[in-house]
Amino acid sequence: MTGNVLEKAITEGKKILIVGSGGREHALAWKVSQSPLCKELYVAPGNAGTEKWNIPLQVDDIDALVSFATEKEIDLTIVGPEDPLSIGIVDRFQAQGLKIFGPSQEAAKLESSKVFAKTIMDEAKVPTGEYQTFTNKEEALKYLGRIGAPIVIKADGLAAGKGVIVANLFDEAMEGVEKIMGGAFGSAGNEVVIEEYLEGEEVSLLCFCDGMTAVPMVAVQDHKRALNGDLGLNTGGMGTYCPPPFWTKKLEQEVIDNIALPTLEVMHKRGTPFTGVLFLGIMLTSRGPKLLEYNVRFGDPETQVVMTLLKSDLIPVLEACIEGCLEEIKIEWFEGTALCIVMAAPGYPGSYQKGIPISLPQNTEENKVIFHAGTILNTDRVESSGGRVLGVTVRSDSLVSAREEAYELVKEIGFPGAHFRTDIGLKGLKY
Ligand code: AMP
Ligand code: GLY
């Protein structure tokens, strides 16, 4: 952004709209609201934590969102979840001349189709697991019979984070194919990817992208399984911390050079350049970093820790992505560690209770934020309304102190039956 544009933005202030209702969107709203550039903020539809900014529009009601942004003369819309991206919210906003941060529908296929993602990984020569794709269930089962377990089965389409089955045993793999191709996820399971099982530490590297340039954020380690010790069912994520002690500048460069940039180049050559957040799910294998998946958005609960460590103003960074001038922007981060513990409703990720009353401490210190996710305000009372309910987040000098302070803060929250892991960040302490 040139000096003039920046000056104008500061004097006039901006109207910002955030689309989504999770912990990720609360974290984005928390960060954006601190910017001197932000004049007005709206969150659609938001949660109890974003109450003062909420507007009652659903994330997939693109017509209503476009009308709202047009009427209010919104200067910048930031999209949280994958669903609106996969149905083309960015294309629709741009067609009306509205500025929006996120990839086009075609570029969002990197997340909305695992088969498409694998095709791009091949074209870009990105290191990833060996795989085969199948549209025929019998052929998929026959292939499994030859290759055995451990193995990973992935539904092609979006399945709310549940379409990936990591099968340690052969029977689990066969059941996985039966389940996915038998219609458990509707048309998302019409095609499957059967992929080599990869072992190692898993890292989420989110990159700001302007079509040609990729600038990495601090690397994050998520905790996807429901129970301590990475046991139990896969979830959207039960907690995060950043940066992992085993992450190095060298690894970051390797991932940018061998994964992020070749991907951007292929997408650009196809005429569908990628703008937005390219979220790389990386496995650090004994043969180097390999890509597990692309997501085309901020992660949840990755964003809660990343926004906590981001020192720079977020708004100019997002605008630079849209304008294609990311190279001109310097992004600064706080030293130290951020850690987020997800408090979930009893039963999550299975069926869970809603409407549980929640009491929160009146004040928290500056380095501590309780991000809301599945919460609503019922008159004056905060109640749970989703599976992942709160993201208790702390920034501190070290991983040890961040863990201690975050678990202390959890104790101050009244949330009967809350389910949370007690080992968030422990993996990092091994190093
Ligand atoms: P995805 O939605 O593709 O990220 O998969 C969800 C989770 O499944 C990942 O975060 C990993 O923990 C796991 N996973 C995916 N692919 C593999 C693989 N090839 N080997 C081992 N684990 C995997
Ligand atoms: N925490 C993983 C995701 O956002 O997909």
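Above this text is the structure in question.
In short, a report on the structure. None of the values given here were measured: they were computed from a predicted structure. In every chain, residue numbers begin from 1 and rise along the written sequence. The order in which chains are written sets their letters, starting at A; the order in which ligands are written sets their numbers, starting at 1. Where totals are concerned, whole chains, interfaces and linings use all residues; where local detail is concerned, this predicted model gives features only for residues with pLDDT of at least 70, and gives and counts side-chain atom pairs only at 80 or more. Working from all heavy atoms in the structure, the side-chain values ignore hydrogens and water.

Attention shifts here to the site of ligand 1. The environment of ligand 1 is made up of 14 residues, and the closest members are Glu195, Glu196, Glu202, Lys224 and Glu293. Measuring from an oxygen atom of ligand 1, one finds a side-chain N or O atom of glutamate 202 at 2.5 Å. Protein contacts shield 90% of the accessible area of ligand 1, which totals 470 Å² for the unbound molecule. Numbering goes from the N terminus for both helices and strands, where a helix is a DSSP run of H or I of at least four residues and a strand is a run of E of at least two. Every element with two or more residues in the shell around ligand 1 is listed here: β6 (151–155), β7 (164–167), β8 (192–196) and β16 (288–295). Residue polarity is assigned by list, with Asp, Glu, Lys and Arg as charged and Ala, Val, Leu, Ile, Met, Phe, Trp, Tyr, Cys and Pro as nonpolar; anything else, Gly included, falls into the polar class. By residue class, the composition of the shell around ligand 1 is seven nonpolar, no polar and seven charged. Any residue with a heavy atom positioned within 4 Å of a molecule or strand is treated as near that molecule or strand. Whenever two N or O atoms come within 3.5 Å, that pair is a polar contact, provided that in protein one can donate a hydrogen and the other can accept it, and provided that, for residues adjacent in sequence, both atoms are side-chain atoms. A 1.4 Å probe and the Shrake-Rupley method give the accessible areas. Residues count as covered only by the protein chains that appear here.

With that settled, the discussion passes to the packing of aromatic side chains. To pair, rings of Phe, Tyr and Trp, with the six-membered ring standing in for Trp, must have centres within 6.5 Å; the planes then decide the type, stacked if under 30 degrees apart, edge-to-face if over 60, and tilted in the middle. The final tally for this structure, using the stated rule, is eight aromatic pairs. Ring centres of tyrosine 407 and phenylalanine 420 lie 6.4 Å apart, and the angle between their planes is 40°; on these two criteria the pair is classed as tilted. Of this pair, tyrosine 407 sits in helix α13 (residues 399–411) while phenylalanine 420 sits in the loop between α13 and α14 (426–429); the two residues are 13 residues apart in sequence, bridging distant segments of the chain. For tyrosine 407, a relative accessible area of 15% corresponds to the buried category. Sitting above the plane of the tryptophan 53 ring, lysine 52 keeps its charged end 4.5 Å from the centroid. For a ring to carry a charge above it, either NZ of a lysine or CZ of an arginine must fall within 6 Å of the ring centroid while also lying within 35 degrees of the normal to the ring plane. Seen from the ring of phenylalanine 334, arginine 395 lies directly overhead, with NZ or CZ sitting 3.9 Å from the centre. Residue burial is assigned from relative accessible area. The probe radius is 1.4 Å, only protein chains are included, and a residue is buried under 20% of its type maximum, exposed over 50%, and partly exposed in between.

Note on pairing: DSSP must find at least two bridges between two strands before they are called paired. In spatial order, the strands read β10-β9-β15-β16; together these four strands make up an open sheet with antiparallel pairing. Each end of this open sheet is capped by a strand with a single partner; those strands are β10 (214–216) and β16. For this sheet, the mean inter-axis angle between neighbouring strands, taken without regard to orientation, is 35°. Two strands pair when backbone bridges link them, and strand β9 (residues 201–210) and β10 are joined in this way by three bridges, in the antiparallel orientation. Looking across to β10, one finds that cysteine 207 is bridged to proline 216. Where helix α12 (residues 314–323) meets the sheet, its contacts fall on β9 and β15 (275–285), and the angle it forms with β9 comes to roughly 70°. A fitted line through C-alpha atoms represents every axis, and for helices the fit uses only the stretch in contact; the resulting angles, taken between N-to-C directions, go from 0 to 180 degrees. Any pair of residues with heavy atoms lying within 4.5 Å of one another is described as a contacting pair.

Residue proline 301 is bonded to the preceding aspartate 300 through a cis peptide linkage, with omega at 20°. Looking along the chain, the bond that leaves tyrosine 348 and enters proline 349 is cis, with omega of 10°. Inspection of the secondary structure assignment puts proline 349 in the loop between β17 (337–344) and β18 (357–358). Residue lysine 125 is not a glycine yet carries a positive backbone phi of 55°. Note that lysine 125 resides in the loop between α7 (114–123) and β5 (131–134). Despite not being glycine, aspartate 230 shows a phi value in the positive range, around 55°. Positionally, aspartate 230 belongs in the loop between β12 (225–227) and β13 (231–234). Judged by relative accessible area, aspartate 230 falls into the partly exposed class, the value being 30%.

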